[in-house]
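Listed below, chain by chain, are the residues.
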Amino acid sequence: MSIGLALSGGGAKGLAHIGVLEALKDYGINIDYIAGTSSGSLIASLYAAGYTPNEMLRIINRYKDGVIDIDKGIGFKLISSALKKRVSIKGFIKGIRLEKMLEYILKDKGIEDISDLSFPIAIPTVNLKTGEITYFSNVDINKNDDNNIYKDRWCLIEENTNYEDEPKYIKGGKLSSIVRASCSIPGIFVPKRIKDEIYIDGGVRVNSPIDVLRKMGADKIIVVTFNCNKGNHLGIENVIGISSQAFNIMSHESNKDKVELADVNVKLCLNNVSLLDFSSATDLAHRGYNIIANNIDKIRKSLGIKEEQG
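In this text, all values refer to a predicted model and were calculated from it rather than measured experimentally.

Here the focus is helix H6 (residues 175-182). Residues spaced three or four apart along an α-helix point in a common direction, a consequence of the helix completing one turn every 3.6 residues. A large share of H6 lies buried, amounting to eight of its eight residues. Here H6 has its buried residues at Leu175, Ser176, Ser177, Ile178, Val179, Arg180, Ala181 and Ser182.

Here we take up helix H3 (residues 53-63). Those residues of H3 that sit buried are Pro53, Met56, Leu57, Ile59, Ile60 and Tyr63. Viewed end-on, H3 has its buried residues packed into an arc of 160 degrees, placing them on one side of the element. Opposite the buried face of H3, by more than 90 degrees, sit the exposed residues Arg58 and Arg62. Tucked into the core, H3 has its buried residues touching helix H1 (16-26), helix H2 (39-48), helix H5 (96-107) and helix H9 (281-294).

This part covers the pattern of salt bridges. Oppositely charged side chains can pair when the atoms bearing their charge come close. Counted under the stated rule, the structure contains ten salt bridges. A salt bridge links aspartate 26 to lysine 25; its shortest N-O distance comes to 3.5 Å. Between glutamate 99 and lysine 192 there is a salt bridge, with its nearest N and O atoms 3.3 Å apart. Here glutamate 99, found in helix H5, pairs with lysine 192, found in strand E6 (residues 192-194); they are 93 residues apart in sequence, far enough to count as distant. Classification of lysine 192 as buried rests on a relative accessible area of 14%.

The subject of this paragraph is the pairing of strand E7 (residues 197-201). When strand E3 (residues 121-127) meets E7, the two strands line up antiparallel, connected through three bridges. If you follow threonine 125 over to E7, its bridge partner there is aspartate 201. Here E6 runs beside E7; their pairing, made up of three bridges, is antiparallel. Its bridge partner lying in E7, arginine 193 is registered against isoleucine 198.

Phi at serine 38 is positive, roughly 55 degrees, even though this residue is not glycine. Backbone geometry places lysine 195, a non-glycine residue, at a positive phi of 60 degrees. Looking at where lysine 195 falls in the secondary structure, it is placed in the loop between E6 and E7.

Leu5, Ile29, Ile222 and Ile292 are the most contacted members of the largest nonpolar core, which has 63 residues in total. Looking at this core, the element that brings in the most residues is H1, giving six residues. Not counting chain neighbours up to four residues away, the residues in contact with isoleucine 222 comprise Ile3, Gly4, Leu5, Ala6, Leu24, Ile29, Ile31, Val264, Val266 and Leu303. Listed in part, the 18 residues of the second largest apolar core include Ile210, Val212, Leu213 and Ile221.

Now for the packing of H2 against H6. One way to put it is that H2 packs onto H6 with a least axis distance of 7 Å and a crossing angle of 155 degrees. In terms of their interaxial angle, H2 and H6 are classed as roughly antiparallel. H2 and H6 meet at a crossing whose hand is right-handed. Contacts between H2 and H6 involve Ser41, Leu42 and Ser45 on the former and, on the latter, Leu175, Val179 and Ser182. Here the residues of the contact of H2 with H6 sort into three nonpolar, three polar and no charged.

The next point concerns the packing of aromatic side chains. A complete count under the given rule lists three aromatic pairs for this structure. Here tyrosine 47 and phenylalanine 119 contribute two aromatic rings whose centre-to-centre distance is 5.4 Å and whose plane-to-plane angle is 85 degrees, an arrangement assigned as edge-to-face. Taken as a pair, tyrosine 47 in helix H2 and phenylalanine 119 in the loop between H5 and E3 lie far apart in primary sequence, 72 residues in all. Owing to a relative accessible area of 18%, phenylalanine 119 belongs among the buried residues under this scheme. On the basis of an interplanar angle of 10 degrees and a centroid distance of 5.5 Å, the ring pair of tyrosine 135 and tyrosine 169 is categorised as stacked. With tyrosine 135 in strand E4 (residues 133-137) and tyrosine 169 in strand E5 (residues 168-171), this residue pair connects regions lying 34 residues apart in the sequence. Residue tyrosine 135 shares its accessibility class with tyrosine 169, and that shared class is buried. Just above the ring of tyrosine 51 sits the side chain of lysine 109; from NZ or CZ to the centre is 4.6 Å.

So, how was this worked out
- Residues numbered from 1 in each chain as written.
- Predicted model: local features only at pLDDT ≥ 70, side-chain atom pairs only at ≥ 80, totals over all residues.
- Heavy atoms only, no water.
- Buried < 20%, exposed > 50% of the residue type's maximum accessible area, 1.4 Å probe, protein only.
- Helix = DSSP H or I, 4+ residues; strand = E, 2+ residues; numbered from the N terminus.
- Arc of directions from axis to C-beta.
- Contact = heavy atoms within 4.5 Å.
- Salt bridge = Lys/Arg side-chain N within 4 Å of Asp/Glu carboxyl O.
- Pairing = 2+ DSSP bridges.
- Core = buried A, V, L, I, M, F, W, Y, C linked by side-chain atoms within 4.5 Å.
- Axes fitted to C-alpha atoms, helices over the stretch in contact; angles between N-to-C directions.
- Parallel < 35°, antiparallel > 145°, perpendicular 65-115°, else oblique.
- Left-handed = near helix turned anticlockwise from the far one by under 90°.
- Nonpolar A, V, L, I, M, F, W, Y, C, P; charged D, E, K, R; others polar.
- Phe/Tyr/Trp six-rings, centres within 6.5 Å; stacked < 30°, edge-to-face > 60°.
- Lys NZ or Arg CZ within 6 Å of the ring centre and 35° of its normal.

Take a look at the structure:
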């Protein structure tokens, strides 16, 4: 039996994935495939590169204060846009530091391209031009393996429809650029251009990458989600906080049916965690660890793993 792990996006909340990975390892649940969206793509990439959860935590704590590069010229651009009556602002955060940090870290493992990874991984992004989901991976994905919950439903489709619902799969690509693309929350991060295409956060359409794990060959799937947003008012008095909360709501609504396809849904309630606050990495990792530890018997049962085998 093979197990796939889907790591949802959630900004700084995604640091809880580190603890989830550590707990799964401690309790003998081996992961065979991994997929991650947005901040989940960062953790998934480090894991696939061979970094242990403890090493990931040290990396995050080391770079937490220097990874966000807010565009200091945003004020000038706002004034310029108003005078020219033409908005040219693409985002408040450039994302260059995140990309360079990951590029530097991966270099220690001799990894540049996603194909350099030996562990099967997939990272979703969304093509801003076409609206289609684009998965970057290091393995061949079975495109004909249809696990779509909507496959028995029908609709009338006009010719030349705008958005293609069949995802695109790309094998290969610079890993740091792919992660940067998957983390590019619209309105907050500047979109990432890769070759001739422009990509934004995969969470726009697939915040919990479950389907792709089935197509990769996983028999059982664990998904980690952040579904407890009621009463979360932290930071919504500013444009980044408002955009973040709106994006969380949209991602939840667009993915709630897909999440039901997983065998195990690890729901982490992490209210009042700011989108870009990486200072609580250790605490978030502990909370991720504890939810696995406290529910390990249920998880084993759902996966069909006998306790003595764990």
